[in-house]
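Residues per chain are reported as follows:
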Amino acid sequence: MGRLQNKIKQLKFALYCYRKGQDSRFVNTVKQFAEMNNLIYVESYGDERISDPVFLIDMEESHSGFFADHNRLLALLYFADRYDMKPVVRYHAGYCYAEAHPVNGTDNPFEYYFEQPAGIGPDSLASCKRVFRSRKENSYEVNRLCGDTNGYKRSEEYLNEMARITAKYIRLNSVVGSRINEEIRELLGDGKVLAVHVRGTDFKQNYNGHPVSVSVDEYLKETMGLFAKGGFEKIFLATDDSAALEKYQEQFGKKLVFYQDVVRSGGTDTVMHSDMPRRNHHYLLGYEVLRDMYTLAACDGLVAGLSQVSYAARIQKKSTGKEYASLVILEKGINYHKKNNCPA
């Protein structure tokens, strides 16, 4: 119902703009406003106990995947850092990984997984003298680091800056951090590990503005070549696609390791919108892809396509001061059409 109401508002605004289309001053003002990515909402709280300027990253509902939102968060943290503000992060009930009850002691879905970047939570905002609230346009500031502003075409400068932001602001909370670290140790053990991320399911639909889909056979070919010459002892596979997992098992047998408690799909439907009778299903979907990302980053080499998860893994790796010894990114271009738009 909320999405329908938003569409109605958009149509009403479009009609209003159409009526004002002959007013050059109105048109120019709207265009200028749209290009001002550094504008923010100012909120007055009146209390002076925390005098430093605070930037409330109030994440808007996007219906996007975990790392699409997370990489957008990094861009907003970059904005806060650039203007010397203390970030406070709040995700809402409409977040795809939110539950209807507290998880890990909090109602804020961001805090399900992470600590607050500046040690200040949304409940402390009443103690802040100056609070500035984010706009989604603030995340566009980071595009100056990239020659191409498409969300799947990111420069090395962007990756390095987001790694710096990650090292400065992103910390797993104690519950999630200890669990993920333990599971990574148990799964990977010792030895040189090649990480592979295969993005399947709904990516196969070749959404407009998204990367051209890479087939499992193409991933396999690159994996086999790198595994043979790179001195790797095992392969870690992170994938949302059950068919990809089956092919990799057939090819690599016991040399393949993966998490067995991950929800996967055999078709073209995203697991993000899945519904299963398990407690904290939505939280666990987020936990599973977060754990996959940290495990990808813990490996020595990486084979992946253009995806939000693979970018996040590369950023995480760099944030620790390390680089992959071997890196293969399969890229077939971006879909530019209007036949099939992402339903999210």
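Residues numbered from 1 in each chain as written. Predicted model: local features only at pLDDT ≥ 70, side-chain atom pairs only at ≥ 80, totals over all residues. Heavy atoms only, no water.

### Re helix α3 (residues 66-82)
In this model, α3 (17 residues) spans 24 Å end to end at C-alpha, consistent with the 24 Å of a helix rising 1.5 Å per residue. Burial analysis of α3 places 15 of its 17 residues in the buried class, which makes it a mostly covered element. Positive phi shows up at Asp84, right after α3, with a value of about 55°. (Helix = DSSP H or I, 4+ residues; strand = E, 2+ residues; numbered from the N terminus. Expected span 1.5 Å × (residues − 1). Buried < 20%, exposed > 50% of the residue type's maximum accessible area, 1.4 Å probe, protein only.)

### Comments concerning the pattern of salt bridges
Taken as a whole, this structure holds 16 salt bridges when the rule is applied. Measuring nitrogen to oxygen at the nearest pair gives 2.3 Å for the salt bridge that ties Glu141 to Arg82. Separated by 59 residues along the polypeptide, Glu141 in the loop between β4 (130-133) and α5 (156-169) and Arg82 in helix α3 bring together distant segments of the chain. For Arg179, the salt bridge goes to Glu183, with nearest N and O atoms at 3.6 Å. One end of the pair, Arg179, and the other, Glu183, are both in helix α6 (residues 174-188), 4 residues apart, so they sit about a helical turn from each other. Taking relative accessible area as the criterion, Arg179 reaches 34% and is therefore assigned partly exposed. The buried category is assigned to Glu183, whose relative accessible area is 18%. One salt-bridge network, held together by shared partners, links Asp81, Glu161, Arg164 and Lys168. (Salt bridge = Lys/Arg side-chain N within 4 Å of Asp/Glu carboxyl O.)

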